[in-house]
Amino acid sequence: GLAPSGMALSCLNARSPAVVANLWDVTDGESDRFCRALMDSFERGGCLLTAVASARRACRLRYLTGAAAVCYGAPITVEPRGGAEA
């Protein structure tokens, strides 16, 4: 049989709790748009899966480029970023 392999699995094996990756190639501009929206959404706190779903809507081709983004690993959540920086 074929053993699973790839960059996402390597990150998970290195104890990364989750990995966001694309199933197919996307353009630089769309990837930038998606990443910006993902980070903006995730900084407000909440679930990574919800942030990925929200960021898909920022793509111009949301059913092509947005659908390429997937999340592997545990459904992690974060507290909102706030307060004064030390």
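Placed above this text is the structure.
Just so you know, these numbers come straight off a predicted model, no measurement behind them.

About the criteria used
- Residues numbered from 1 in each chain as written.
- Predicted model: local features only at pLDDT ≥ 70, side-chain atom pairs only at ≥ 80, totals over all residues.
- Heavy atoms only, no water.
- Helix = DSSP H or I, 4+ residues; strand = E, 2+ residues; numbered from the N terminus.
- Buried < 20%, exposed > 50% of the residue type's maximum accessible area, 1.4 Å probe, protein only.
- Contact = heavy atoms within 4.5 Å.
- Areas by Shrake-Rupley, 256 points an atom, 1.4 Å probe, with all protein chains shown as cover.
- Lys, Arg positive; Asp, Glu negative; His and termini not counted.
- Charge placed at Lys NZ, Arg CZ, Asp CG, Glu CD.
- Core = buried A, V, L, I, M, F, W, Y, C linked by side-chain atoms within 4.5 Å.
- Salt bridge = Lys/Arg side-chain N within 4 Å of Asp/Glu carboxyl O.
- Patch = residues over 30% accessible without salt bridge, like charges linked within 9 Å, V, L, I, M, F, W, Y side chains within 5 Å.
- Axes fitted to C-alpha atoms, helices over the stretch in contact; angles between N-to-C directions.
- Parallel < 35°, antiparallel > 145°, perpendicular 65-115°, else oblique.
- Left-handed = near helix turned anticlockwise from the far one by under 90°.
- Nonpolar A, V, L, I, M, F, W, Y, C, P; charged D, E, K, R; others polar.

S.K.: Now, about the overall build of the chain: what can you tell me, with residues and values included?
M.R.: From N to C terminus, the chain includes three helices and four strands. Going residue by residue from the N terminus, the α and β elements of the chain occur as α-β-α-β-α-β-β. Taking the principal axes of the C-alpha coordinates as reference, the chain spans close to 50 × 30 × 20 Å. Out of the 86 residues belonging to the chain, those deemed buried represent 22%. Sequence separation of at least 24 residues holds for 67% of the intrachain contacts in the chain that already meet a minimum separation of 6. Total accessible area on the chain is roughly 6,200 Å²; 55% of this is exposed by carbon and sulfur atoms. On the chain, the mean spot of the 9 positive side-chain charges and the mean spot of the 8 negative ones are 6 Å from each other.

S.K.: Could you give an account of the nonpolar core, naming the residues involved and the relevant values?
M.R.: Buried together is how nonpolar side chains tend to be arranged in soluble globular proteins. Ala18, Phe34, Ala37, Leu38, Phe42, Leu48, Ala51, Val52, Ala55, Cys59 and Ala69 together form the largest nonpolar core, which totals eleven residues. Elements with a minimum of two residues in this core: helix H2 (28–43) and helix H3 (48–56). Each residue touching Leu48, except ones within four places of it in the same chain, is listed here: Ala18, Val20, Leu38, Phe42, Cys71 and Ile76.

S.K.: An account of the pattern of salt bridges is requested, with residue identities and associated values reported.
M.R.: Counting across every chain of the model gives one salt bridge. Two residues, Arg33 and Glu30, come together in a salt bridge whose shortest N-O distance is 2.3 Å. Here Arg33 pairs with Glu30, and both are found in helix H2, just three residues apart, close to one helical turn. Judged by relative accessible area, which is 22%, Arg33 ranks as partly exposed.

S.K.: Go over a nonpolar patch on the surface, please, and point to the residues and values.
M.R.: A contiguous nonpolar surface patch, about 490 Å² in accessible area, is contributed by Leu23, Trp24, Leu61, Leu64 and Tyr72. Secondary-structure assignment places Trp24 in the loop between strand E1 (18–22) and H2. Judged by relative accessible area, which is 38%, Trp24 ranks as partly exposed.

S.K.: Quick rundown of the packing of H2 against H3? Include the residues and the values.
M.R.: Axis separation between H2 and H3 bottoms out at 8 Å; the angle between their running directions is 140°. The pairing of H2 with H3 is recorded here as oblique in orientation. Once H2 is placed against H3, the crossing between them reads as right-handed. Along the contact surface, H2 presents Phe34, Ala37, Leu38, Ser41 and Phe42, while H3 presents Leu48, Ala51, Val52, Ser54, Ala55 and Arg56. Each residue belonging to the contact of H2 with H3 can be placed in one class, and the counts come to eight nonpolar, two polar and one charged.

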